[in-house]
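Architecture and fold: a report
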Amino acid sequence: AQSVTQPDIHITVSEGASLELRCNYSYGATPYLFWYVQSPGQGLQLLLKYFSGDTLVQGIKGFEAEFKRSQSSFNLRKPSVHWSDAAEYFCAVGLGSNTGKLIFGQGTTLQVKP
Amino acid sequence: KAGVTQTPRYLIKTRGQQVTLSCSPISGHRSVSWYQQTPGQGLQFLFEYFSETQRNKGNFPGRFSGRQFSNSRSEMNVSTLELGDSALYLCASSLGQVANTQYFGPGTRLTVL
């Protein structure tokens, strides 16, 4: 069965420090992969996506993610975290080319220390 | 272009009642998906509608239903509400074609008392 694992439920980093949020997926075919961010009381905002091609993808707000097929991973990175990045981050896998269904990880809550 | 809108944003109901939530997708999007978000279960897929037809369905009881209109607006209905139905219900829209990107609305916060 398809699944997404975000091993870190909660991460705290200092402002200006680098960030890496981990995501591992289980899916038999070529996955469509997404990272979304959710601020309290808000919906989900798309940060970036991977469909094919270059395995390093750039997103909004200075985020990037790297797809590693051999490790079934799609980790999210940012070189320097800002206080406004504090939020919950969700990794998701899309199940096919013709469906909107997404399987989400449990999310990682990012806290930023001043 | 306007984003995905959901109404109402907040709703309080009592057990046994029914509720209808509405979602208006981004203009030109033909696919609408619904998700339930709770602290315990996270984000779970309810169903997807494309061109007024249900294309996919998650593992939820029959009390949860939905429909899509010819203008792509979608509604979901929950009958005989239970306490456990308290959640944030998120709607997402996409073009519905190859390699979809889902764009989410702000959600409807449903509280069942």
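Worth saying up front: this structure is predicted, and the values here are computed from it rather than measured.

Below, the discussion takes up the pattern of salt bridges. Residue and element names in this part refer to chain A. Applying the stated criterion across every chain yields a total of nine salt bridges over all chains. Across the salt bridge formed by Glu64 and Arg77, the nearest N and O atoms sit 3.2 Å from each other. Here Arg77 lies in strand β9 (residues 73–78) and Glu64 lies in strand β8 (residues 64–68), a separation of 13 residues in the sequence. Across the salt bridge formed by Lys78 and Asp85, the nearest N and O atoms sit 2.8 Å from each other. Residue Lys78 is classed as buried on the basis of its relative accessible area, which comes to 10%. By relative accessible area, Asp85 is classed as buried at 4%. Salt bridges here are not isolated pairs; linked through shared partners, they connect Glu64, Glu66 and Arg77.

What follows concerns empty space enclosed by the protein. Taken as a whole and judged by the stated rule, the model has one cavity of 30 Å³ or more. In this structure, the largest cavity occupies an estimated 50 Å³ of space. As for the largest cavity, its lining consists of 10 residues, of which Phe34, Gly94, Thr99 and Leu102 of chain A together with Asn100 of chain B are closest to the centre. For the lining of the largest cavity, the residue count by class is four nonpolar, six polar and no charged.

Residues and elements named next belong to chain B. Note: strand β1 (residues 5–7) against strand β3 (residues 19–24), three bridges, orientation antiparallel. Directly across from Thr7, in β3, lies its bridge partner Ser22. Across five bridges, β3 lies against strand β8 (residues 74–78) in antiparallel orientation. Bridge pairing in β8 links Ser22 to Glu75.

Under the counting rule described, the total for this entry stands at 16 aromatic pairs over all chains. Centroid distance Tyr36 of chain A to Phe104 of chain A: 6.0 Å. Interplanar angle 50°. Geometry classified as tilted. Of this pair, Tyr36 of chain A sits in strand β5 (residues 32–38) while Phe104 of chain A sits in strand β11 (residues 102–104), placing them 68 residues apart in sequence. Each member of the pair Tyr36 of chain A and Phe104 of chain A is classed as buried. Considering the side-chain rings of Tyr35 of chain B and Phe104 of chain B, the 5.5 Å spacing of their centres and the 50° angle between planes classify their relative orientation as tilted. One end of the pair, Tyr35 of chain B, is in strand β4 (residues 31–38); the other, Phe104 of chain B, is in strand β10 (residues 103–104), with 69 residues separating them in the sequence. Of the two residues examined, Tyr35 of chain B and Phe104 of chain B, each falls in the buried class. An aromatic cluster is built from Tyr32, Phe34, Tyr36, Phe51, Phe90 and Phe104 of chain A together with Tyr35, Phe45 and Phe104 of chain B, whose rings are joined through pairwise contacts. Here the basic side chain of Arg55 of chain B rests over the ring of Phe50 of chain B, its NZ or CZ set 4.4 Å away from the ring centre.

Rules used throughout
Every chain is numbered on its own, with residues counted from 1 as its sequence reads. Whichever chain is written first becomes A and whichever ligand is written first becomes 1, with later ones labelled in order. Local features in this predicted model are restricted to residues whose pLDDT is 70 or higher, and side-chain atom pairs enter the listing and the counts only when it is 80 or higher, whereas totals over whole chains, interfaces and linings include all residues. Each side-chain value is derived from all of the structure's non-hydrogen atoms; neither hydrogens nor water enter the calculation. Any carboxyl oxygen of Asp or Glu within 4 Å of a side-chain nitrogen of Lys or Arg constitutes a salt bridge here. By the criteria applied, helices consist of DSSP H or I runs no shorter than four residues and strands consist of E runs no shorter than two, each listed in order from the N terminus. Relative accessibility under 20% of the residue-type maximum defines a buried residue, over 50% an exposed one, and the middle range a partly exposed one, all with a 1.4 Å probe and only protein chains included. Only protein atoms enter the 1 Å grid used here, on which a cavity is any set of points holding a 1.4 Å probe that cannot leave and a pocket is any open set flanked by protein within 12 Å on both sides along at least five of seven lines; residues with an atom within 4 Å of a point are listed as lining. Grid points are joined across faces, edges and corners, and a volume is the space filled by probe spheres set on the points. All amino acids are sorted into three groups, where Ala, Val, Leu, Ile, Met, Phe, Trp, Tyr, Cys and Pro are nonpolar, Asp, Glu, Lys and Arg are charged, and the leftover types, Gly among them, are polar. DSSP calls a pair of strands paired once it identifies at least 2 bridges connecting them. Each Phe, Tyr or Trp ring, with Trp reduced to its six-membered ring, pairs with another whose centre is within 6.5 Å; inter-plane angles below 30 degrees give stacked pairs, above 60 give edge-to-face pairs, and intermediate values give tilted ones. Either the NZ atom of lysine or the CZ atom of arginine qualifies as a charge over a ring when it sits within 6 Å of the ring centre and within 35 degrees of the ring normal.

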